[in-house]
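Topology and contacts: notes
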Amino acid sequence: MGSCLHQHDCEEYECAGDWSLYKNIDITGVTALNETVEGSAKSVFKPWEQRSDLSTVLASNDDDAELIVFIPFTTDVKIKSICVVGGVDGHSPSKMRAFLNRDDIDFSQANDLTPVQEWELAENIRGELEYPTKYAKFQGVASLTLHFPSNFGADATHVHYIGLRGEATQMKRDAIANTVYEAMPNPSEHKYTKLFTCLI
Amino acid sequence: MVCMDNSEWMRNGDYSPTRFQAQADAINLICGAKTQSNPENTVGVLTMAGKGPRVLITPTNDLGKILQALHGLEVGGEMRMTSGVQVAQLALKHRQNKHQRQRIVLFAGSPVLADKAVLEGMGKKLKKNNVALDIVSFGEDDGEKVEKLEALLNAVNNGDNSHIVHIPGGERVLSDVLISSSIFTGDGEGGSGFAAAAAASAAAAAVGGGGGAYDFGVDPNLDPELALALRVSMEEERARQEAAMKRSAEDSTAKGQQAGESSSAPDVAMSDVGLVDTTDKSKDMMIDDDTALLQQAIAMSMAQAAQAAAAAGGGPATTDTSMEESGGDDQDLAYALQMSMQQAAAAASAAQGSADVNQVLGDQSFVSSVLSSLPGVDPNDPNVRDVLASLQTDEGKNDDQATKDKSK
């Protein structure tokens, strides 16, 4: 039976409401570096109840345990704590480093820059452990970049779930979030899948 | 980011005219295709040999700047592939728009000096940073090169986003082989439009040439209008050439044949432009301006060719005003027919002054068969009939004018 770090029993109190920051994630903008399957990073952001569901996995390439996940939000958020469910048999990440509001982190930069906060992770198959943040630094977060530099000894790192707890502030950092102005029509972007019928 | 090989090995002439020139043409084509397929694409070029890798132009979507940067390059030195690719990676890392995907196109003409293990390590690093790699292997082949490059490709490849093309020397032109390769088409359907235009003109110039999965390098499912328009233009061209050949065979003068062939090449280019107008039915206003300018350009170029052509060029310009009232859709059609007939008229008068070709195109049955194969045009439609009738009477006017000028 799982028990949270809060002093109550999870089955009675609805923890799910707290871990609903995944709804504020701009899921189309989620990218990862060194993932084996392109797009698998999006699958690890799901409701709290599904955290032990090991079917969704973000796996790094073989022989390389490093992973970087870039998470943009639709509004500015304040993050209180982070929960990471890793894989079994040493595939779980052992360290986590967070960078805020930067979209240009790749592996060389991740190792050079000092992160906003660093954590030592433990194997957390059932998602019981959460890692609190230095809350004062995590106010007004428009994008979060998580770097997992190492794991518990396996060839590759597997992450099944990343949960974020906090508040959404309804404020947007950029005036225009993500627009693409069409300079020229591009047939491949305008494929119709449905037929329209008009009733006059 | 395109990595160009400008080492000493590029002086060799086994690709015409030199390896370096063939490479430059291929790079021009790639840059054009990428910038056309998506207006947000950017391309940059760097050279790998010489004193060291040097970025000629940082990623930009301005084709003119790219072409200018490629101008006046010199061959020399040895290619440094690994440092070249690393510099390319750095240039891509500092791109303006982080949503663009990163890709390196590597032209490997000289022998590959690096170890296979080093190349595989480089490939893994590229994969880790989400950079795709296209390799164009040509020029020198010392046995190991193919193996090494294949190993590099396997290390980088992530879900089939990277490709390799081997181009052995010989008669085939580097750019032509590239057009039909996966480097152009593997990009998505957008690249095929540009490749189709290039392939169409290449195929017309080299009779029976041009490889590609589809008839004209354009998938009929993706762009049926363009495919149809290309097919129509090919049929017209074929009919015109048959008539031209018949005429020159009858007269049996070498002079007639030469003129016919030399004018066929610019005609193909013109008819491509004409087709762009017909397929663009939504831009009626712009077409008026475009074709007016085109009429002038055609008139000017023809005037340099022959005296008689000048009269023919002046003729259709006046008949053009009568076309204005022909009605919506048919206007575009009329312009296209007008232009192709006008070139045919110019070519005919430049060669022999006979109106055989005009007769072919003025032939009601041929034109109506062509029209019926076009979507949305009914040959029995009164508008279309009016257009055809007026075209024929204008042809009569044209001949009269030409004969009047001659008699003066």
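Reading the values: the criteria
- Once a new chain begins, its residue numbering starts again from 1 and follows that chain's sequence as written.
- Chains and ligands are labelled sequentially in the order written, the chains with letters from A and the ligands with numbers from 1.
- A pLDDT threshold of at least 70 governs which residues receive local features in this predicted model, and a stricter bar of 80 or more applies before side-chain atom pairs are shown or counted, although totals over entire chains, interfaces and linings include all residues.
- As a rule here, side-chain values come from all non-hydrogen atoms in the structure, and water together with hydrogens is ignored.
- Strands pair, by our definition, only if DSSP identifies at least two bridges between them.
- Only runs of H or I of at least four residues qualify as helices and only runs of E of at least two qualify as strands under DSSP, and these elements are numbered from the N terminus.
- Interaxial angles span 0 to 180 degrees and are taken between N-to-C directions of axes, which are lines fitted to C-alpha atoms, for helices over the stretch in contact.
- The contact definition used throughout considers only heavy atoms, calling two residues in contact when any of these lie within 4.5 Å.
- Here's how the labels work: a residue is buried when its accessible area is under 20% of the maximum for its type, exposed when over 50%, partly exposed in between, all with a 1.4 Å probe on protein chains only.
- By the criterion used throughout, a crossover qualifies as right-handed when its path from the first strand across the helix to the second strand runs clockwise, the strands pointing away from the viewer.
- Simply put, the buried area is the total loss of 1.4 Å probe accessible area from both parts when two parts are fitted together.
- In what follows, salt bridge is the name for a side-chain nitrogen of Lys or Arg lying within 4 Å of a carboxyl oxygen of Asp or Glu.
- In this description, a nonpolar core means a group of buried Ala, Val, Leu, Ile, Met, Phe, Trp, Tyr and Cys residues linked to one another through side-chain atoms lying within 4.5 Å.

As annotated in an unreviewed UniProt entry, chain B carries the name 26S proteasome non-ATPase regulatory subunit 4 homolog and is attributed to Physcomitrium patens.

Chain A is annotated in an unreviewed UniProt entry as PITH domain-containing protein of Physcomitrium patens.

Some points on the sheet that holds strand β2 (residues 43–47) of chain B
All names here are of chain B. Strand order in the open sheet made by the 6 strands is β3-β2-β1-β4-β5-β6, with mixed pairing throughout. If you trace the sheet from one side to the other, it starts and ends with β3 (54–60) and β6 (163–166), each paired once. Adjacent strand axes in the sheet meet at a mean angle of 15 degrees when their direction is disregarded. For β2 and β3, the ladder comprises 4 bridges, and the chain directions are antiparallel. Its bridge partner lying in β3, Thr47 is registered against Arg54. On the sheet, helix α2 (residues 63–70) packs against β1 (2–4), β2 and β3 and is oriented at approximately 170 degrees with respect to β3. Running over the sheet, helix α5 (residues 144–156) touches β4 (102–108), β5 (131–137) and β6 and is turned about 165 degrees from β5.

Considerations on the pairing of β2(B)
All names here are of chain B. For β2, a buried count of 5 out of 5 residues is recorded, marking the element as mostly surrounded by other parts of the structure. Side chains Val43, Val45 and Thr47 of β2 all project onto a buried face; the interleaved residues Gly44 and Leu46 project onto the opposite face, where all are buried too. As paired strands, β1 and β2 are joined by 3 bridges and run parallel to one another. Its bridge partner being in β2, Met4 is matched across the sheet by Thr47. Crossover handedness for the path β1 to helix α1 (residues 19–37) to β2: right-handed. Hairpin remark: β2 followed by β3, antiparallel, with 6 residues in the connecting loop; positive phi at Gly50, about 75 degrees.

A closer look at the interface of chain A and chain B
Contacts between the two partners involve 23 residues from chain A, matched on the other side by 15 residues from chain B. Summing both partners gives a buried area of about 1500 Å² for chain A against chain B, and 44% of it is carried by carbon and sulfur. Summed over the shared surface of chain A and chain B, the number is 3 salt bridges. For Lys128(B), the salt bridge is made with Glu66(A), and the minimal N-O distance between the two is 3.2 Å.

With respect to the nonpolar core
Residues Phe73(A), Ile79(A), Ile82(A), Leu144(A), Leu146(A) and Phe148(A) are the most contacted members of the largest nonpolar core, which totals 30 residues. Among the elements that take part in this core, strand β3 (residues 67–86) of chain A stands out by supplying 8 residues, more than any other. Setting aside residues up to four positions removed in sequence, Ile82(A) forms contacts with Trp19(A), Met96(A), Trp119(A), Glu130(A), Tyr131(A), Thr133(A), Leu144(A), Leu146(A), Ile162(A), Gly163(A) and Leu164(A). Residues Val2(B), Ile27(B), Ile30(B) and Phe107(B) belong to the second largest nonpolar core, which totals 27 residues.

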